[in-house]
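Observations on the model geometry
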Amino acid sequence: MSKVKMKIDEKVIETESGKTVLQAATQAGIEIPHLCYHPRLPGTGACRLCVVEVKGARALAASCVLPVSENLEVYTNTERVRKARRLVLDLLLSNHPLDCLTCEMAGRCDLQRYAYELGIKETSFKGEKTNFGVREREPFFLRDYDKCILCGRCVSACAEVRHRYVIDFSHRGFATRITTPYDLPLLEGGCEFCGECVQVCPVGALVEKGRIQKGRNWETKRTQTICPYCGVGCTLELHTYKNRIVNVTAPEGVGVNRGSLCVKGRFGIAEFVNSPKRLKKPLVRKNGKLVETSWKNALKMVAARLKEIKERYGAQSIGFFSSAKCTNEENYLLQKFARAVIGTNNIEHCARL
Amino acid sequence: MAGLATSLGSGAMTNSIDEIEFAKVLFVIGSNTTECHPVVALKIKDAVSKHGAKLIVADPRKTELCDFATLHLQHKPGTDVALINGLLNVILSENLHNKPYIDERTEGFEEMAKVVANYPPERVEKITGVPKEKIVEAARTYATLKPASIIYCMGITQHRTGTDNVFSLANLAMVTGNIGVESGGLNPLRGQNNVQGACDMGALPNVLTAYQRVDDPALREKFARAWQVNSLPDRPGLTISEMLNAATKGSLKSLFIMGENPALSEANLNHAREALKKLEFIVVQDIFLTETAQMADVVLPAACFAEKEGTFTNTERRVQLVRKALEPPGEALPDWQIIAKLSTLLGYPMRYKNAEQIFKEIVKLTPSYAGITYKRLENGGIQWPCPDKNHPGTKILHKERFARGKGRFHPIEYLGPAETPDSEYPFYLMTGRVLWQFHTSTMSGQVDGLNQIAGEPFVQVNPQDAADLGISDGETVRVSTRRGELLIKVKITPMVDKGSIFAPFHYSKAPVNLLTSDALDSIAKIPGLKVCAASITKL
Ligand code: SF4
Ligand code: SF4
């Protein structure tokens, strides 16, 4: 990789060969609107929203596939560029339901954002709209292909990131859409419900079912934490609203997983955390049945019984199962309790399994 | 991971998840990575399809990863040691081993070589069922391309010979000089999110934090002083399996169980449940009324990971921050608060204001965590060992030298599984996980979508076996072993070889661990959950 010097909007920029103009611009803090490009996916140049004017070239170039080169000069925001962008957006909106009132992506939708930035209220093209219908019967997420802008991010995510090749473009022209082979249900098409496609969709075409009508994007709080399932330890973001988890995503480029998750991390958390079956009060056994009691009572009983058993049979008659699901702090504290307070080394967790 | 600790001096992944992508050859054994560690599987697939790495998969089942592999060694269940010895045999007889590395950094090579000499590919083919040409090709591929990374999981450790299996893999990695190099190494993938941390924290019967031994008086003294007690117990305690045995015999009277579900997860489940029934007093701290909690005398409601602060340590030794996103339901409390309250009641006050305060105490007593603070963890975590405040953490273990000084080769003879099929029980029964559920389903079983896809227990049967038995897909059959039997639906699939069946252990409706063997590995004391002999009966 060698150093490359170029100019973007008259600003001299140092970058490395092998990068695209879009990447170099992003690095330099210059934002170029884009829809099909995503930092973790190979650029395709499909949406043409990221066009720039190149000094000395007649045609506008898609910056997501334009490689940087020494002394290259590009302009990202000229009248010509803005006009081209308007046209791209106008065309996209001509076949897009403008139902931002209820759309789950509102507030985080790239199409909405660019239309807002360019002040496009509605499309100037009047014509037919597709009517593919919503696929909402399958687990975890729905597919509303009337909102799909055919950017192809989901297709690349499934193929390039997940190596699954479940979905692809099908049909031609106005009828073009994304489908599974023979339009089979996802599961039969080999989908592992990793949700990578959902995470990269820039509009409301792919939506997690769990979040529907559970708070707008700007109302939910996001907390970065670690997946509670396997030992990979993926970083994830819990979206909460009114003390419930309404969605789970992975922050792009962060942690060992860099934005990827599996079905358990993405779709397997909210329901167990929010479950009405969670234990809410201490229980003690009375006449053979577990009944609710206060913390004070429960802890008093545990303390008394442990003390009694230790006095009668010795510390070695008590054992502790610690947990690979609990935090380091909790595991530390339980072994400290076993050793320093009860006086036994009888402690293990099911790690060996 | 006792085997790894004895060979190399540390039981964790030697390398990092990020490095997998850049290995030239990957040897994946006993790990159905796609289903059990999906995000690591992505890195393996990237290595193959983006960077041209060679993938060798050794697994009795045709796992999804086999689609990406240059070689699939479909060995018979429980014959791992023989297979690995076969690979070592070829490497040594073809002179593909790394002599300078062996001389400089290891010990015990001669003894190991002597044993391995008895495992020529012809013999190994007979034991494992893997054609000898494949064994030779796998050995050459693994030994000649560098760096080579070994990835393994419970398919290797959950055997009566689990520790042997790990020793054998360590032999393989050391003989080719692949320990201590970028993108190489010996990499166990741990099942649960904080298994590594629970081990690091001393939730083990023989060690305190960071594997400091309880039978070392100086270390005991250090902890006793920090904890302000006169003395600490000096004899190693009992493992989980031993505690259950002691309960059956009547010497263990009480169990305090935090977030575990032995009434479903233990091998030879009938025995485990009997043991629990014999106890005088059981306390369970959990987030749900699990099978185990239903047997308890007191159940304490705990907060889950999303409702508390703390740290988890992942399979690559990375300590990461767990942050609180919401309030626990009802009166549930974080486990650490429950323990602290109880301890205070018992006359040993624990007055921590928050999890961070506990962590500060941990790092003072734990050399490999000494340089870690919550603040330093804010940007992506730190891999231990991190001995001081300025240390960046450790991506690759054993770089200049092994943690135990020299890497130790172990001569390992093949023993075979505790049980092999016979006329009464003609099948190998293997147990494991599927993508869609987790462990005993305490968490994943609450999720509608997951249950929709995989809510029902099943047993995988090879099409040929199914035809021979006259059973069809979806039919309910009886699977029996010497320990028990259960009724379960059949899923016909070529994923399992003829003569083998596979069942996931997630389901309380058909608890497969009723069937499995609790023959313990002699060192790690892991029961042989992975293989036993079974029969299938058409109803
Ligand atoms: S969920 Fe994953 S596997 Fe399924 S279509 Fe989307 S990217 Fe592909
Ligand atoms: S998201 Fe999946 S791969 Fe990542 S830690 Fe969670 S369970 Fe493991």
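Residues numbered from 1 in each chain as written. Chains lettered and ligands numbered in written order. Predicted model: local features only at pLDDT ≥ 70, side-chain atom pairs only at ≥ 80, totals over all residues. Heavy atoms only, no water.

Residue and element names in this part refer to chain A. Only one face of strand E1 (residues 3–8) is covered, namely the face carrying Val4, Met6 and Ile8; the face carrying Lys3, Lys5 and Lys7 is uncovered. Pairing between E1 and strand E2 (residues 11–16): 6 bridges, direction antiparallel. By the bridge assignment for E2, Met6 is matched with Ile13. Hairpin remark: E1 followed by E2, antiparallel, with 2 residues in the connecting loop; positive phi at Asp9, about 50°. (Buried < 20%, exposed > 50% of the residue type's maximum accessible area, 1.4 Å probe, protein only. Helix = DSSP H or I, 4+ residues; strand = E, 2+ residues; numbered from the N terminus. Pairing = 2+ DSSP bridges.)

With that out of the way, let us pick up the domain arrangement of chain A. The domain architecture assigned to chain A consists of domain 1 (3–77), domain 2 (218–278) and domain 3 (283–352). Averaged C-alpha coordinates put domain 1 of chain A and domain 2 of chain A at centres separated by 34 Å. (Domains from an automatic or database assignment.)

As a further point, take the interface of chain B and chain A. Between chain B and chain A, the residue contacts involve 151 residues of the former and 105 residues of the latter. For the pair chain B and chain A, the summed buried surface comes to about 11000 Å²; carbon and sulfur atoms form 66% of the total. Taken together, chain B and chain A are joined by 6 salt bridges. Between Arg258(A) and Asp18(B) there is a salt bridge; the shortest N-O distance is 2.7 Å. No other element matches helix H4 (residues 38–51) of chain B, which puts 9 residues into the side of chain B that touches chain A. (Contact = heavy atoms within 4.5 Å. Buried area = accessible area lost by both parts, 1.4 Å probe. Salt bridge = Lys/Arg side-chain N within 4 Å of Asp/Glu carboxyl O.)

Another aspect to go through is the sheet that holds strand E16 (residues 318–321) of chain A. Reading across the sheet, the 7 strands line up as E15(A)-E14(A)-E9(B)-E8(B)-E7(B)-E16(A)-E17(A) and stay open at both edges, with mixed pairing between neighbours. Of all strands in the sheet, those with a lone pairing partner are strand E15 (289–292) and strand E17 (347–348) of chain A, marking the two edges. In terms of strand pairing, strand E7 (residues 254–258) of chain B meets strand E8 (residues 281–286) of chain B through 5 bridges, oriented parallel. Bridge pairing in E8(B) places Leu255(B) opposite Ile282(B). Its contacts with the sheet put helix H8 (residues 295–313) of chain A on strand E14 (283–286) and E16 of chain A together with E7, E8 and strand E9 (298–301) of chain B, and the angle it makes with E9(B) is roughly 130°. Packed on one face of the sheet, helix H9 (residues 328–342) of chain A meets E16 and E17 of chain A together with E7 of chain B and runs near 170° to E16(A). (Axes fitted to C-alpha atoms, helices over the stretch in contact; angles between N-to-C directions.)

Attention now goes to the pattern of salt bridges. All names here are of chain B. Summed over all chains, the structure comprises 43 salt bridges over all chains. When the shortest N-O distance is used, the salt bridge between Lys132 and Glu133 registers 3.7 Å. For Asp468, the salt bridge is made with Lys498, and the minimal N-O distance between the two is 3.8 Å. Pair noted here: Asp468 is in helix H21 (residues 463–469) and Lys498 is in the loop between strand E17 (485–492) and strand E18 (500–504), with a separation of 30 residues, a long-range link.

Before going further, it helps to spend a moment on the site of ligand 2. Taken together, the neighbourhood of ligand 2 is formed by Cys227(A), Tyr229(A), Cys230(A), Val232(A), Gly233(A), Cys234(A), Leu261(A), Cys262(A), Gly265(A), Pro38(B) and Val39(B). Residues lining ligand 2 come from chains A and B. The residue makeup of the shell around ligand 2, split by class, is 9 nonpolar, 2 polar and no charged. (Near = heavy atom within 4 Å. Nonpolar A, V, L, I, M, F, W, Y, C, P; charged D, E, K, R; others polar.)

Let's shift gears to the packing of H9(A) against helix H18 (residues 355–365) of chain B. A packed helix pair is summarised by two numbers, namely the angle formed by the two axes and the spacing between the axes. Two elements in contact, H9(A) and H18(B), have axes whose closest approach is 9 Å; the angle formed by their N-to-C orientations is 65°. Relative to H18(B), the element H9(A) lies roughly perpendicular. The interaxial crossing formed by H9(A) with H18(B) has left-handed handedness. On the side of H9(A), the interface is formed by Asn328(A), Glu329(A), Tyr332(A), Leu333(A) and Lys336(A), while H18(B) contributes Ala355(B), Ile358(B), Phe359(B), Glu361(B), Ile362(B) and Leu365(B). (Parallel < 35°, antiparallel > 145°, perpendicular 65-115°, else oblique. Left-handed = near helix turned anticlockwise from the far one by under 90°.)

Moving on, we get to the layout of surface pockets. All names here are of chain B. One number sums up the size of the second largest pocket: a volume of about 560 Å³. If you trace the second largest pocket, you find 20 residues lining it, with Glu35, Trp436, Gln460, Lys491 and Met495 closest to the centre. Residue classes in the lining of the second largest pocket are distributed as 10 nonpolar, 4 polar and 6 charged. Among the domains, domain 1 (2–189) and domain 3 (427–538) are the pair contributing at least three residues each to the lining of the second largest pocket. (1 Å grid on protein atoms, 1.4 Å probe; cavity = no way out; pocket = protein on both sides within 12 Å on 5 of 7 lines; lining within 4 Å. Points joined across faces, edges and corners; volume = space filled by probe spheres on them.)

Here we come to the nonpolar core. Ranked by internal contacts, the top residues of the largest apolar core, which has 60 residues, are Leu306(A), Phe320(A), Phe337(A) and Trp227(B). Here this core gets 8 residues from one element, more than from any other, and that element is H9(A). Those residues within four positions of Leu306(A) in sequence are excluded, and the remaining contacts are Ile318(A), Phe337(A), Ile342(A), Ser254(B), Phe256(B), Phe281(B), Leu342(B) and Leu346(B). Ranked by size, the runner-up nonpolar core spans 48 residues in total, among them Cys234(A), Val273(A), Ala47(B) and Cys66(B). (Core = buried A, V, L, I, M, F, W, Y, C linked by side-chain atoms within 4.5 Å.)

Once that is clear, we can look at the side chain of Asn178(B). Note on placement: Asn178(B) falls in the loop between helix H11 (162–175) and strand E6 (186–188). The residues contacting Asn178(B), other than those within four sequence positions of it, are Tyr142(B), Lys146(B), Pro147(B), Ala148(B), Ala173(B), Gly184(B) and Gly185(B).

On the surface, Leu87(A), Leu91(A) and Phe125(A) cluster together into a nonpolar patch covering about 270 Å² of accessible area. Along the chain, Phe125(A) turns up in the loop between helix H3 (110–118) and strand E6 (134–135). (Patch = residues over 30% accessible without salt bridge, like charges linked within 9 Å, V, L, I, M, F, W, Y side chains within 5 Å. Areas by Shrake-Rupley, 256 points an atom, 1.4 Å probe, with all protein chains shown as cover.)

Once that is clear, we can look at unusual backbone geometry. Across the junction of Lys146(B) and Pro147(B), the peptide omega takes the value -5°, indicating a cis bond. The residue Pro147(B) is located in the loop between helix H9 (132–144) and strand E5 (148–152) in this model. Put simply, Trp384(B) and Pro385(B) share a cis peptide bond, and its omega is 0°. By secondary structure assignment, the location of Pro385(B) is in the loop between strand E12 (382–383) and strand E13 (407–408). A positive phi is found at Arg48(A), a non-glycine position, where the angle reads about 65°. Secondary-structure assignment places Arg48(A) in the loop between helix H1 (21–27) and strand E3 (51–54).

Bringing the domain arrangement of chain B into the picture now. All names here are of chain B. When the domains of chain B are assigned, the result is domain 1 (2–189), domain 2 (195–383) and domain 3 (427–538). With centres defined by C-alpha atoms, the gap from domain 1 to domain 2 works out at 33 Å. Counting residues at the interface gives 10 residues for domain 1 and 6 residues for domain 2. When domain 1 packs against domain 2, the two sides together hide about 530 Å² of surface, and 46% of this comes from carbon and sulfur. Taken as a group, Ala12, Met13 and Ile17 account for 57% of the area that domain 1 buries against domain 2, more than any other trio of residues on that side. Linking domain 1 with domain 2 are 5 residue pairs in polar contact (both at pLDDT 80 or more). A breakdown of the residues in the side of domain 1 that touches domain 2 according to their chemical character gives 5 nonpolar, 4 polar and 1 charged. (Polar contact = N/O pair within 3.5 Å; in protein donor to acceptor, adjacent residues only side chain to side chain.)

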